[in-house]
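Given next are the chains, with one letter for each unit.
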Amino acid sequence: MHVRATARAHANIALAKYWGKADPEQNLPAVPSVSVTLDALSTQTEVQFDDALEADELTLDAVRVQGRGLKRAARLLDEVRAMAGSKSFARITSHNSFPTGSGLASSASGFAALALASMAAAGLPIDRAMASDMARRASASAARSIFGGFVRLEAGAPGQRTLAASPIAPAGHWDIRVVVAVTSLGPKRVGSTEGMRHTASTSPYYGPWIEMSRGLADRVQKAILDRNLVALGEAAEHSALSMHACAMASQPPLVYLEPATLACVEAVRRLREQGVQAWVTIDAGPHVKVLTSPEQAARVAEHLASVPGVLRTIESRVGQDASVEVTEA
Ligand code: DP6
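Asks: Could you give an account of the overall build of the chain, with specific residues and numbers?
Replies: Each helix and strand in the chain was counted, giving 8 helices and 14 strands. Judged by the C-alpha coordinates and their principal axes, the chain covers about 60 × 40 × 35 Å. Counting the 329 residues in the chain, one finds 54% classified as buried. For the chain, the proportion of contacts with a sequence separation of at least 24, taken over those separated by at least 6, is 76%. Accessible area for the chain stands at about 13,700 Å²; split by element, carbon and sulfur atoms hold 52% of it.

Asks: Would you mind going over the site of the ligand in detail, with residue names and values included?
Replies: Lining the immediate environment of the ligand, one finds 19 residues, of which Tyr-18, Lys-21, Ser-139, Ser-141 and Thr-193 sit closest. In this structure, an oxygen atom belonging to the ligand sits 2.5 Å away from a side-chain N or O atom of Lys-21. Take Arg-72: an N or O atom from its side chain is 3.1 Å from an oxygen atom of the ligand. When isolated, the ligand has an accessible area of 460 Å², and the protein chains bury 95% of it. For the shell around the ligand, the element with the most residues is helix H4 (residues 192-202), which contributes 3 residues. A per-class count over the shell around the ligand returns 8 nonpolar, 6 polar and 5 charged.

Asks: Explain the pattern of salt bridges to me, using residue names and the numbers behind them.
Replies: By the definition in use, this model includes 21 salt bridges. With its nearest N and O atoms 3.6 Å apart, the salt bridge here joins Arg-177 to Glu-315. A residue pair is termed long-range when its members are at least 10 positions apart, and Arg-177 in strand S10 (residues 177-182) and Glu-315 in strand S13 (residues 312-316) qualify at 138 residues. Judged by relative accessible area, which is 9%, Arg-177 ranks as buried. The salt bridge involving Glu-273 is made with Arg-269; its shortest N-O contact spans 2.6 Å. A residue pair is termed a helical-turn pair when its members lie 3 or 4 positions apart in one helix, as Glu-273 and Arg-269 do in helix H7 (residues 259-273) at 4 residues. Here the salt bridges share partners, and the residues they tie into one network are Asp-50, Glu-57, Arg-64 and Arg-91.

Asks: Could you give an account of the pairing of strand S11 (residues 278-281), with specific residues and numbers?
Replies: Burial along S11 is two-sided: the face carrying Ala-278 and Val-280 and the face carrying Trp-279 and Thr-281 are both buried. The pairing of S11 with strand S12 (residues 288-292) spans 4 bridges and is classified as antiparallel. When the sheet's bridge partners are listed, Trp-279 is paired in S12 with Leu-291. Counted along the chain from S11 to the antiparallel partner S12, the turn is 6 residues long.

Asks: For the pairing of S12, give the residues involved together with the corresponding values.
Replies: The buried fraction of S12 is high, at 5 of 5 residues. Burial along S12 is two-sided: the face carrying Val-288, Val-290 and Thr-292 and the face carrying Lys-289 and Leu-291 are both buried. Bridging between S10 and S12 involves 5 bridges; their strand directions are antiparallel. The residue of S12 that forms the bridge with Val-180 is Lys-289.

Asks: Explain the nonpolar core to me, using residue names and the numbers behind them.
Replies: Core analysis: the biggest nonpolar cluster contains 54 residues, and Trp-19, Val-47, Leu-76 and Trp-209 have the highest contact counts within it. In terms of residues, this core owes the most to one element, helix H2 (residues 106-121), which gives 10 residues. Here this core gathers at least three residues from each of two domains, domain 1 (3-172 + 324-328) and domain 2 (177-316). Residue contacts for Leu-76: discarding those within four places in its chain leaves Phe-111, Leu-114, Ala-115, Ser-118, Met-134 and Ala-138. Within the second largest apolar cluster, 30 residues are counted, among which are Ala-11, Ala-16, Ala-171 and Trp-174.

Asks: Let's hear about the sheet that holds S10: which residues, and what values?
Replies: Taken together, the 4 strands give an open sheet; going across it, the order is S11-S12-S10-S13, and neighbouring strands pair in antiparallel fashion. For this open sheet the edge positions go to S11 and S13, each flanked by a neighbour on one side alone. The sheet shows a mean angle of 25° between the axes of neighbouring strands, taken without regard to direction. H7 rests against S10, S11 and S12 of the sheet, and its axis sits at about 160° to S11. Along the sheet face, helix H8 (residues 297-305) touches S10, S11, S12 and S13 and points at about 10° away from the line of S10.

Asks: Which residues make up helix H1 (residues 67-84), and what values do they have?
Replies: For H1, with 18 residues, the first-to-last C-alpha span of 25 Å sits near the 26 Å given by 1.5 Å per residue. The complete set of buried residues in H1 reads Leu-70, Ala-73, Ala-74, Leu-76, Leu-77, Val-80 and Arg-81. Each buried residue of H1 lies within a common arc of 160° when the element is viewed along its axis, so the set occupies one face. Opposite the buried face of H1, at more than 90 degrees from it, the exposed residues are Arg-68, Lys-71, Arg-75 and Ala-82. In this structure, the buried residues of H1 make contact with strand S4 (33-50), strand S5 (57-60), strand S6 (63-65), strand S7 (89-96), H2 and helix H3 (128-138). Backbone geometry just after H1 places Gly-85 at a positive phi near 65°.

Cut-offs applied
- All residue numbers refer to position in the chain's written sequence, counted from 1.
- This being a predicted model, a pLDDT of at least 70 is required before a residue's local features are given, and a value of 80 or more before pairs of side-chain atoms are given or counted; all residues contribute to the totals for chains, interfaces and linings.
- Only hydrogens and water are set aside; all other atoms, that is, all heavy atoms of the structure, feed into the side-chain values.
- Runs of E in the DSSP output that reach at least two residues are strands. Runs of H or I that reach at least four are helices, and both are numbered from the N terminus.
- The buried label goes to any residue with under 20% of its type's maximum accessible area, the exposed label to any with over 50%, and the partly exposed label to all in between, with areas taken from a 1.4 Å probe on protein chains only.
- The contact criterion used is simple: two residues touch if any of their non-hydrogen atoms lie within 4.5 Å.
- The protein chains shown are the only cover counted for residues, whose accessible areas, like all others here, come from Shrake-Rupley with a 1.4 Å probe.
- Near, as used in this document, describes a residue that has one of its heavy atoms within 4 Å of the molecule or strand being considered.
- Nitrogen and oxygen atoms within 3.5 Å of one another constitute a polar contact, given that in protein one can donate a hydrogen and the other can accept it, and given that sequence-neighbouring residues count only through two side-chain atoms.
- The residue classification treats Ala, Val, Leu, Ile, Met, Phe, Trp, Tyr, Cys and Pro as nonpolar and Asp, Glu, Lys and Arg as charged. All others, Gly included, are polar.
- Basic side-chain nitrogens of Lys or Arg form a salt bridge, by our definition, when they fall within 4 Å of a carboxyl oxygen of Asp or Glu.
- Pairing between two strands requires that DSSP report at least two bridges joining them.
- Put simply, buried Ala, Val, Leu, Ile, Met, Phe, Trp, Tyr and Cys residues joined by side-chain atoms within 4.5 Å make one nonpolar core.
- Boundary definitions for the domains trace back to an automatic or database domain assignment.
- Think of each axis as a best-fit line through the C-alpha atoms, taken over the contacting stretch in the case of a helix, with angles from 0 to 180 degrees between the N-to-C directions.
- Helices are assigned an expected span. That span is 1.5 Å times one less than the residue count.
- It is the directions from the helix axis to the C-beta atoms that the arc portrays.

Okay, here's the thing in structure tokens:
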């Protein structure tokens, strides 16, 4: 008998960034990262194994996915099949609550939901560390989306067999807000995996970035545990801009920032001059995420919405753990 499993996972935004791999084959990060899970951005994924299928099938936001996207999902399913001792292929149906592939961390919530749903559909026990490890193999930032609240993923060592993220503090620990400024709806120009490979092999700042990363992750973690928004904002901004400086120094240069991205950075700096607690962080895409307090989030969102090039803003609370439900098919 086959079952259908439906999982929901939230996106996360790294406050101490992961950029670089200790072991590209095993997808082990070269640096520790610390994230906050985002309630407003999520992926819901349904998985059902079916003996009648001749290959895995993936539908994302009502569109059939082929090629690279399907291959990455099928690789995760291969690992689940190996673990469960099964040979059946699966039908995967997934929905994002935000634009797919636009740099809004759809791979993180997507692979976290897929890991949980496929493990549950294959009849494996729901073990969060195992699901986090499984998601990490597909996309390392996805390891963090298994957990709610504030989450850390350690750096790996070459050849290491397993590596899972672990929670630092639950969502209820601290009510902070993240305002996302969406600056483009297209897919990102260079994916993270390729961007990291290029940075590691050509940027003169890659070594210094690796050296500073543990200190940054520890600074971010301490600020979270102390509930110190100023310390957290300053460390998160430093991590994000250091990561981009490192990528930009690659040859040829890797520039994810667009005019609207920089306009947001400047707008947030001006808000701070007016006494607003707000700091930016930016992933491998042009969007800007602004860390702020619940009291100041509306003002930050309103201000960002008026910045030229900002298409819309999304305000998010801290999100909960990913969840999964199993029903008999
Ligand atoms: C800039 O997790 O997408 O968002 O492991 O190669 O799939 P792969 O990379 P991915 O990289 C995320 C990079 C980042 C920073 C972060 O989320 O820590």
